[in-house]
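Residue strings, one per chain:
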Amino acid sequence: MITKPLRLSAPLALAIASTSLAMASPSVAPPEPSVPFEQFVGTWTLKDDQFQQVWDGETVETLTIPNHITVCTSQTINSVSCAVDANGFKGQIFWVMEHSKERLVRHLSHFGERRLGTGWGIVGPDGDLNTQVTFSDEPEGTHRKYEYVWLDTDSYQMVSRQTYSYLRCVPSGSSEKVTWVFRSP
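Please read all numbers here as calculations on a predicted model, not as lab measurements.

**Here we look at unusual backbone geometry**
Then step 1. Phi is positive for asparagine 67, close to 60°, though the residue is something other than glycine.
Then step 2. By relative accessible area, which is 54% here, asparagine 67 ends up exposed.
Then step 3. Even without glycine at this site, asparagine 87 takes up a positive phi of about 55°.
Then step 4. Along the chain, the position of asparagine 87 falls in the loop between β5 (79-86) and β6 (89-98).

**Details of the side chain of arginine 103**
Then step 1. In this fold, arginine 103 is placed in the loop between β6 and β7 (104-111).
Then step 2. One polar contact links the side chain of arginine 103 to the main-chain carbonyl oxygen of valine 123, over a distance of 3.0 Å.
Then step 3. At 3.4 Å, the side chain of arginine 103 and the backbone oxygen of glycine 124 are in polar contact.

**Brief notes about a nonpolar patch on the surface**
Then step 1. Where nonpolar side chains cluster on the molecular surface, the patch consists of Phe94, Leu108 and Leu116 and spans about 250 Å² of accessible area.
Then step 2. Considering the arrangement of structural elements, one finds leucine 108 in strand β7.

**As for the packing of aromatic side chains**
Then step 1. Tallied over the entire structure, the rule returns 13 aromatic pairs.
Then step 2. With 5.2 Å between their ring centres and 65° between their planes, phenylalanine 40 and tryptophan 95 make a pair best called edge-to-face. Residue phenylalanine 40 is located in the loop between α1 (10-24) and β1 (42-46), and its partner tryptophan 95 is located in strand β6; the two are separated by 55 residues in the primary sequence. The two residues phenylalanine 40 and tryptophan 95 agree in class, both being buried.
Then step 3. Taken together, a centroid distance of 5.2 Å and an interplanar angle of 75° make the contact between phenylalanine 40 and tyrosine 156 edge-to-face. Linking phenylalanine 40 in the loop between α1 and β1 with tyrosine 156 in strand β11 (residues 155-164), this pair joins segments that are 116 residues apart in sequence.
Then step 4. Assessed through its relative accessible area of 4%, tyrosine 156 is described here as buried.
Then step 5. Its end group placed over the ring of phenylalanine 135, arginine 115 keeps NZ or CZ at 3.8 Å from the ring centre.

About the cut-offs
- Residues numbered from 1 in each chain as written.
- Predicted model: local features only at pLDDT ≥ 70, side-chain atom pairs only at ≥ 80, totals over all residues.
- Heavy atoms only, no water.
- Buried < 20%, exposed > 50% of the residue type's maximum accessible area, 1.4 Å probe, protein only.
- Helix = DSSP H or I, 4+ residues; strand = E, 2+ residues; numbered from the N terminus.
- Polar contact = N/O pair within 3.5 Å; in protein donor to acceptor, adjacent residues only side chain to side chain.
- Patch = residues over 30% accessible without salt bridge, like charges linked within 9 Å, V, L, I, M, F, W, Y side chains within 5 Å.
- Areas by Shrake-Rupley, 256 points an atom, 1.4 Å probe, with all protein chains shown as cover.
- Salt bridge = Lys/Arg side-chain N within 4 Å of Asp/Glu carboxyl O.
- Phe/Tyr/Trp six-rings, centres within 6.5 Å; stacked < 30°, edge-to-face > 60°.
- Lys NZ or Arg CZ within 6 Å of the ring centre and 35° of its normal.

What follows is the structure in structure tokens.
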């Protein structure tokens, strides 16, 4: 009987080797899981109190929103909860990551009296987060794509673009852009 040698992919071989090593030597602990939202924990405010939005696909409107504060806390290694106070307009954002799925993030949010958002996304190894969220008060068949990109350890930029249909992702022309700066731990 002729047998072919078993060829393992690099990640599978590493997983088998790591598991074997951990079982063979009780003094070797498995690696600590990463904390996906650790960078978001703290108090954040708008850079220069500026918030940009576009409603018609062309005209950039810059709003000044003083005292726009977001406080993010983490009660578990896989989640973060952010309380938002946009000068009286309040809301909550909750993200949780499923470690069993490749850095998949679930999104749940609520703003004002009736703006409910649900969606999903991916958090990258550098902490950047991309989500797709459907809101109860926006046109049926639309969703928003959010990109949270770290500029440095004390600031990140959030860009939101509204699109029609999950499959075609046709831009509606509505978008928002804001840079957040760290205020305190």
